[in-house]
Amino acid sequence: MNFTISTAELKAILSAVSKGVGKKVTLPITEYVHIELLDGTLSITATDSINFITYKHSEVEGENGSTIVKADTLIKLVAKTTKESMTFSKKEGHLEVKGNGKYKVEILEGEKFSSYQFNEQMEPFLINLIL
């Protein structure tokens, strides 16, 4: 996985997704977010073990892949970045993040992030949220 994204866009994405981070001691996966790039669409998912929030952003150029990273670490790093864009590269044992500097963010290896599925035969519907 390797991609570059505007820091402002990433801040907005993480602001929305951070509301879904659970931080439950009994389920450590709730402290993490799942980042996936697939065919130009970046998806970031968080869960509190009951609710899921996934934010998708299209037109992201990069190499397909996915990883699981500690939510707080990523959110704080992005919030402090002043560069126009940030580059993410998955390396062995960490996610390399280039912004104001070069940082190594710990990834969770060997685990699968919780997932959810919708019945494909259902009619889609739009939910208007007032934030």
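The shown structure was predicted, so the numbers you read here are calculated from the model rather than taken from an experiment. Numbers given for residues are sequential positions, taken from 1 along each chain in its written order. Confidence filtering applies because this is a predicted model: local features only for residues at pLDDT of at least 70, side-chain atom pairs given and counted only at 80 or more, and all residues used for totals across whole chains, interfaces and linings. Hydrogen atoms and water are omitted, and side-chain values are computed over all heavy atoms in the structure.

Student: Could you give an account of helix 2 (residues 71-80), naming the residues involved and the relevant values?
Tutor: Inspection of helix 2 places Ala71, Leu74, Leu77 and Val78 among the buried residues, and these make up the whole buried set. The buried residues of helix 2 occupy an angular sector of 140° when projected down its axis, which confines them to one face. The exposed set on the far side of helix 2, more than 90 degrees from its buried face, consists of Lys76, Ala79 and Lys80. A contact between two residues is defined here by any heavy atoms of the two lying within 4.5 Å. Put simply, DSSP H or I for four residues or longer makes a helix, DSSP E for two residues or longer makes a strand, and each gets a number counted from the N terminus. Packed against the buried residues of helix 2 are helix 1 (7-17), strand 2 (32-38), strand 6 (65-70), strand 7 (85-91), strand 8 (94-98) and strand 9 (102-106). Think of it in three bands: residues with accessible area under 20% of the maximum for their type are buried, residues over 50% are exposed, and the middle band is partly exposed, with areas taken using a 1.4 Å probe on protein chains only. Taking the helix axis as origin, the arc is that swept by the directions to the C-beta atoms.

Student: So what about the pairing of strand 2? Which residues, and what values?
Tutor: The element strand 2 is extensively covered by neighbouring structure, given that five of its seven residues are classed as buried. If DSSP finds at least two bridges between two strands, the strands pair. Relative to strand 6, strand 2 is paired through six bridges, and the arrangement is antiparallel. In the sheet register, His34 faces strand 6, and the bridge partner there is Ile68. In this antiparallel pair of consecutive strands, strand 2 and strand 3 (residues 41-47), the connection spans two residues, and Asp39 shows a positive phi of 50°.

Student: So what about the nonpolar core? Which residues, and what values?
Tutor: If you look at the biggest cluster of nonpolar residues, it comprises 26 residues, and the most contacted ones within it are Phe3, Val33, Ile35, Ile44, Phe88 and Leu95. Only strand 1 (2-6), helix 1, strand 2, strand 3, helix 2, strand 7 and strand 8 provide two or more residues apiece to this core. Ignoring sequence-local partners within four residues, the contact set of Ile44 consists of Leu10, Ile13, Leu14, Val17, Val33, His34, Ile35, Ile53, Thr54 and Tyr55. What makes a nonpolar core is a set of buried Ala, Val, Leu, Ile, Met, Phe, Trp, Tyr and Cys residues whose side-chain atoms join them at distances within 4.5 Å.

Student: Describe the sheet that holds strand 3, with residues and values.
Tutor: The pairing of strands in a sheet comes from backbone hydrogen bonds and takes either a parallel or an antiparallel form. The sheet built from four strands is open, its strands ordered 4-3-2-6 with antiparallel pairing. The sheet terminates laterally at strand 4 (52-57) and strand 6, the two strands that pair on one side only. Strand-to-strand, the axes of this sheet are offset by a mean angle of 15°, without reference to chain direction. In this description, a line fitted to the C-alpha atoms serves as the axis of each element, helices being fitted only across the stretch in contact, and the angle between N-to-C directions of two axes falls anywhere from 0 to 180 degrees. Sheet contacts for helix 1: strand 2, strand 3 and strand 4; angle to strand 4, the most-contacted strand, approximately 165°. Against the sheet, helix 2 makes contact with strand 2 and strand 6, and its axis sits at roughly 95° relative to strand 6, the strand it touches most.

From the geometry alone we can't say anything about function, so treat these as descriptive.
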